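# Geometric and topological summary
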Amino acid sequence: MDEACDLKVRVNGRHTLLLHQSVVCAFSGRLRAMAAREKKGKMTRARQSRGAAEALVSVELDGFPGGGEGFELVARFCYGDGRLPPLRPADVPLLHCAAAFLEMTEEVRAGNLLAQAEAFVDDGLCYWTWPDVLAAVKSCESFAADTSGAGLQEKLLSALFSRIDAGAETPKSNCSTSSTCSSSSQDTAGGRPSSAAKTPESVKPSCQSGGREWWFDDVASLSPPTVDKAMKVLGCYGADNKNLTLTRFLLHYLRRAATLRKADDSGGGVLAGLADTAVHGVALAGGGAAFSCRGLFSALRTVSAAGLSRECRRRLETLVGRMLDQATLDDLLVSGDGGGVYDVSLVMRLVRVFASSVEEDGSPSSSQRMRKAGRLVDKYLAEISPDQGLRVSRFLAVAESLPDSARDCYDGVYRALDIYLESHAELTVEERATLCRCLNYEKLTLEACKELARNRRIPPRIAVQALSLQRPPNSLQSPLSSPTPKRVMSDDEKEKETLRLNLGRMQGRVAELEMVCKEMRGKTRLSPRVVAAKGNKVLGGRGLPWMC
């Protein structure tokens, strides 16, 4: 074209292109209107200044999708007399949005860019490979508002999940997907299935079979809003999620999003919605029927990191708590979100759920399950005891969260208590005595009781109380009972009896000392006090210890 360019287009304030009005404005209604307004303004200014109007018309395009690259594709279409340039599937969303922005519709010219872009998708989508469809969906993320309003994003997402339905990672035909399918005017065989016919209802069965997980990592590379849109397109969002495979994918996606820190401040709400959707799927699958105890704990960690509603959290914790007897110590060691190393509040809620479910169950295995959970809680208590952020009240709450019947022996609780006292040396005597209330001294072994008596961190009166309850079997008999032959005592029983006798002597000595101290205090109050010249306190001319 020999004519001089008479249209200067500045795209997004960064790219400038010199074009011919007769070519570009023939396809773009928006550029035609903008050029006409600019011409009219130039002529008005020229008449006012009594000069000649400048031939070159300048227009500004702000917010143009795709920037200079997108406008170049549009220009190539215009200068190609309305023929699409060679395209990749990933270019379609950009070209579609650019055509809509420039008003390149059928009202402006028949066979315009917008109609051809839509036909390119409708006629060629069934030939695209999995990577092609995935690339096109990713391209939509940059123009989500425009492509979603036109239905292009939904169409591509339906096509993406229809590939999963087919279970194929290869194209449906040998047709090339880049340049060979670029023209929407090519003839196609009659009766060929169109991707536009794929509705969310027909895509729903795509993931029912489970086990087809080859696509998880690919789809997990999409942004949270795109995955959110996909769940809605499939009719599996929120409480409507009845698909186990999609639930597993969401857990995989949320775990990956947290690892790669894909969720920014603006996407947190979207991830919370996906987390709720995953929880509904887990609950509908019956929890333990489809997930192991460790799997449920993993799901709980994942959705908690993404953020979820209080109702969904309660629902998932109920499923996890009922299987607490199948958990391991590693499962319970969930990181705390503040105030401590571990999330003790979570474990307490799970223990309460478990205790309630076992009580309601009432089966013969209930006591065995309860004792198994008791051993697990004792291990957890020993693990969290060194935490400097663990308060006395929290330690007691965990230790007393299960009924006494959950433990045949309290040695585990004592070990955890000893670790806690050693790690929190600043505790007062009253606090240490309060901690000891979680012990059942009658269920302590002799070894643990002897260690408790020698433990300097245990208040003496607690040690005395624990020793006093360590009595040999059959030591209490009714006075009216008939005499029985003496039984040979074992070494353990002899040692217990020796400890009991020593305890009695100790208690008698303590009582004597208390009486002496009381008498000395009484004499101090009744005798006159004389203050010596040196300021010494005396009583009856004889010095008296001030401690009394």
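Residues numbered from 1 in each chain as written. Predicted model: local features only at pLDDT ≥ 70, side-chain atom pairs only at ≥ 80, totals over all residues. Heavy atoms only, no water.

## As for unusual backbone geometry
Operational definition: Under the DSSP-based scheme used, a helix requires at least four consecutive residues in state H or I and a strand at least two consecutive residues in state E, with every element numbered from the N terminus.
With a phi close to 55°, N12 is a non-glycine residue in the positive phi region. Residue placement: N12 occurs in the loop between strand 1 (7-11) and strand 2 (15-19).

## Description of the pattern of salt bridges
Working definition: two side chains of opposite charge can pair if their charged atoms are close together. Rules: Whenever a carboxyl oxygen of Asp or Glu lies within 4 Å of a side-chain nitrogen of Lys or Arg, that contact is scored as a salt bridge.
Evaluated as defined, the whole model comprises 18 salt bridges. Here D217 and R256 are joined by a salt bridge, their closest N and O atoms 3.9 Å apart. With D217 in helix 10 (residues 216-219) and R256 in helix 12 (residues 244-260), this residue pair connects regions lying 39 residues apart in the sequence. Put simply, E400 and R437 hold a salt bridge, and the shortest N to O gap is 3.0 Å. Separated by 37 residues along the polypeptide, E400 in the loop between helix 19 (392-399) and helix 20 (411-423) and R437 in the loop between helix 21 (429-435) and helix 22 (446-454) bring together distant segments of the chain. Several salt bridges converge on common partners, so that one network encompasses R313, E317 and R349.

## What about helix 18 (residues 366-384)?
Here is the rule: A helix's residues, less one, multiplied by 1.5 Å, set its expected span. Between buried and exposed lies partly exposed: a residue is buried under 20% and exposed over 50% of the maximum accessible area for its type, with that area taken using a 1.4 Å probe on protein chains only. Contacts were defined at the residue level, with two residues in contact if any of their heavy atoms lie within 4.5 Å.
With 19 residues, helix 18 should cover 27 Å at 1.5 Å per step; its first-to-last C-alpha distance of 27 Å lies within 8% of that length. If you check which residues of helix 18 are buried, you get S366, R369, M370, A373, G374, L376, V377, D378, Y380, L381 and I384. The secondary structure elements touched by the buried residues of helix 18 are helix 16 (329-332), helix 17 (344-361), helix 19 and helix 20.

## Observations regarding the side chain of H424
What counts, and what does not: We define a polar contact as two N or O atoms separated by no more than 3.5 Å, with the added condition that, inside protein, one atom must be a possible hydrogen donor and the other a possible acceptor, whereas residues neighbouring each other in sequence contribute only through side-chain atom pairs.
Note that H424 resides in the loop between helix 20 and helix 21. For H424, a relative accessible area of 4% translates into the label buried. A distance of 3.0 Å separates a polar atom in the side chain of H424 from the backbone oxygen of D387. A polar contact is formed between the side chain of H424 and the backbone oxygen of Y420, at a distance of 2.8 Å. Setting aside chain neighbours within four positions, we find H424 in contact with S385, P386, D387, Q388 and L390.

## With respect to the packing of helix 17 against helix 19
The line we're drawing: Axes here refer to lines fitted to C-alpha atoms; in helices the fit is confined to the stretch in contact. Angles between the N-to-C directions go from 0 to 180 degrees. An angle below 35 degrees is treated as roughly parallel, one above 145 as roughly antiparallel, one from 65 to 115 as roughly perpendicular, and anything else as oblique. Crossing handedness is defined as follows: a turn of the near helix away from the far one that is anticlockwise and smaller than a right angle gives a left-handed crossing, while the clockwise case is right-handed. For this classification, the nonpolar set comprises Ala, Val, Leu, Ile, Met, Phe, Trp, Tyr, Cys and Pro, the charged set comprises Asp, Glu, Lys and Arg, and every other residue, Gly included, is treated as polar.
Orientation of helix 17 relative to helix 19, taken along the N-to-C sense of each, is 25°, at an axis distance of 10 Å. The angle between helix 17 and helix 19 falls in the class roughly parallel. For helix 17 against helix 19, the interelement crossing comes out left-handed. Each of V344, S345 and M348 in helix 17 lies in contact with helix 19, whose residues at this interface are R394, A397 and V398. Looking at the contact of helix 17 with helix 19 residue by residue, the class counts come to four nonpolar, one polar and one charged.

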